[in-house]
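Each chain, letter by letter, is given below.
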Amino acid sequence: MTTEALTRPAKAARPSAPGRRRTRPWGQAASQVFLIVSCVLWLLPIAFALYVAVRPYSDTRKYGYVSMPHHLTFKNFSDAWTQSDMLHFFWNSVLITVPSVIIVLALASGVAFVLSKINVKVNIALLILFTAGNLLPQQVIITPLYRMYLKITLPHFLSDSGLMYNSVFGLVAINVAFQLGFCVFVLSNYMRAVPDEMYEAALVDGASLWTRFWRLTLPLCRPALAALATLLTTWIYNDFFWAITLMSSGDKRPVTSALANLQGQFVSNQNMIAAAALIAAVPTLVVYICLQKQFIAGLSLGSSKG
C-alpha cells in the first residue's frame, strides 16, 4: 500500500478550521423574508391610518374605508388640531411626561448605584422587590389606588382640589412608581459591569461617595440613561389608563385623552380621529430621532462581552 493511500483517510477526516462555517443560503433568505414580513406588518396599520386621515369623511361614508380614494385632503389634520384643542393637551402631556422621566431616572440611578456598588445585606432583597413591582398589573390596584387618591391631601399649589385625585402631581407620582422598578433593574445590571478597580482608584484619590456616583458612574451610564429616557417618554406619553381613571377634569388630561373629544355620541369621524392620532404620535417620533444613536447604543450594551 502506498503512502498516499495511507494518508488519504486522515486528510478526509481532518476537521475544518474552527472559524470557518458554511453559510446556508436558505437560512439567510428565510431571515430576510421574516424581517420584510415583520416590517410590513408593523407599518401596515400606520400606512392605513395615514390613508384614512387624508380622505374626507364623505368619501369613506359613501365608498367605505377599504376602497380606492376619489379625493384626498389634509383638512382632517387641521380640523383635528382645532376641534380637539390639541395644543392645550400637548402641554398637559409635557407637564406629566417630563417631570416623570426626570424623577424616575434620578431615583433609579441612585438606587441602582447603591444596590450594585455598596455592599448591604438587603441589596438582593431590594432588587427583587423593585423587579417584582413590574409584574403587578395596573388593573389589579386601581380600586384601592382610587380610594387612596380620594383621601390623600395635597397643598393647593400642587392640586386645585387639594387631593391627589384629579391632579397632575397624582399622575406623575403613579407613573414614577410604576416605571421605577424596571429602570432600577436595567441600571443596576449595567453598573455592575463597571470595573471595581475604577472605584478603588477614585477612593484612593479621596473621592467621596457622591463624587463617585455623580462624576464617575453617571457619565458612564449615559447610553443606558438615554435608552431608558426614550422608552419612558414613549410609555408615559402614550399612557391612557391612568389619565381616565385618576382624573375627572377633561382639560387636565394628556393628549391621548384628547382623542376622545373627537368621538361623537352617535357618529364618529374616524378620518379625523386617525389624523389626530398621527399628530399625537409626532412627539415620540421626534424624541426617538433625537436620541436614536444613544438608544441603539443603550440596547446593545454588553452584546460584545463574552
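Cut-offs and rules
- Residues numbered from 1 in each chain as written.
- Predicted model: local features only at pLDDT ≥ 70, side-chain atom pairs only at ≥ 80, totals over all residues.
- Heavy atoms only, no water.
- Helix = DSSP H or I, 4+ residues; strand = E, 2+ residues; numbered from the N terminus.
- Contact = heavy atoms within 4.5 Å.
- Areas by Shrake-Rupley, 256 points an atom, 1.4 Å probe, with all protein chains shown as cover.
- Buried < 20%, exposed > 50% of the residue type's maximum accessible area, 1.4 Å probe, protein only.
- Lys, Arg positive; Asp, Glu negative; His and termini not counted.
- Salt bridge = Lys/Arg side-chain N within 4 Å of Asp/Glu carboxyl O.
- Phe/Tyr/Trp six-rings, centres within 6.5 Å; stacked < 30°, edge-to-face > 60°.
- Axes fitted to C-alpha atoms, helices over the stretch in contact; angles between N-to-C directions.
- Parallel < 35°, antiparallel > 145°, perpendicular 65-115°, else oblique.
- Nonpolar A, V, L, I, M, F, W, Y, C, P; charged D, E, K, R; others polar.
- Polar contact = N/O pair within 3.5 Å; in protein donor to acceptor, adjacent residues only side chain to side chain.

S.K.: Explain the overall build of the protein chain residue by residue, including any values.
M.R.: The helix and strand tally for the protein chain stands at 16 helices and zero strands. Within the protein chain, contacts between residues separated by at least 24 positions form 70% of all contacts whose residues are at least 6 apart in sequence. Here the protein chain displays about 19400 Å² of accessible surface, and carbon together with sulfur accounts for 67% of that area.

S.K.: Quick rundown of the side chain of Asp 239? Include the residues and the values.
M.R.: One can find Asp 239 in the loop between helix H11 (222-237) and helix H12 (241-245). Of the side chains with opposite charge, Arg 253 lies nearest to the buried Asp 239, which makes no salt bridge, at 10.0 Å. Discounting chain neighbours no more than four positions away, the residues touching Asp 239 are Asn 175, Pro 254 and Thr 256.

S.K.: Tell me about the packing of aromatic side chains, and please be specific about residues and values.
M.R.: Counted according to the given criterion, the structure contains 11 aromatic pairs. Look at Trp 210 and Phe 213: their rings are 5.7 Å apart centre to centre, the planes differ by 50 degrees, and that puts the pair in the tilted class. Placement of both Trp 210 and Phe 213 in helix H10 (residues 209-220) is noted, with a separation of three residues, approximately one turn of the helix. What makes Trp 210 exposed here is its relative accessible area of 55%. Looking at Phe 213, the relative accessible area reads 10%, which means it is buried.

S.K.: Describe the packing of helix H4 (residues 75-83) against helix H14 (residues 270-280), and please don't skip the residues or the numbers.
M.R.: Packing of H4 against H14 brings their axes to within 8 Å, and their N-to-C directions diverge by 75 degrees. As far as their axial angle goes, H14 and H4 are roughly perpendicular. Taken together, the residues of H14 that come into contact with H4 (itself represented by Asn 76, Phe 77, Asp 79, Ala 80, Trp 81 and Gln 83) are Asn 271, Met 272, Ala 275, Ala 276, Leu 278 and Ile 279. The class makeup of the residues in the contact of H4 with H14 is eight nonpolar, three polar and one charged.

S.K.: Give a detailed account of the side chain of Thr 217, specifying residues and quantitative values.
M.R.: Within the fold, Thr 217 resides in helix H10. At 2.8 Å, the side chain of Thr 217 forms a polar contact with the side chain of Tyr 199. A polar contact of 2.9 Å, which involves the side chain of Thr 217, links it to the backbone oxygen of Arg 212. Not counting the four nearest positions on each side in its chain, Thr 217 is found in contact with Phe 113, Met 191, Tyr 199 and Arg 212.

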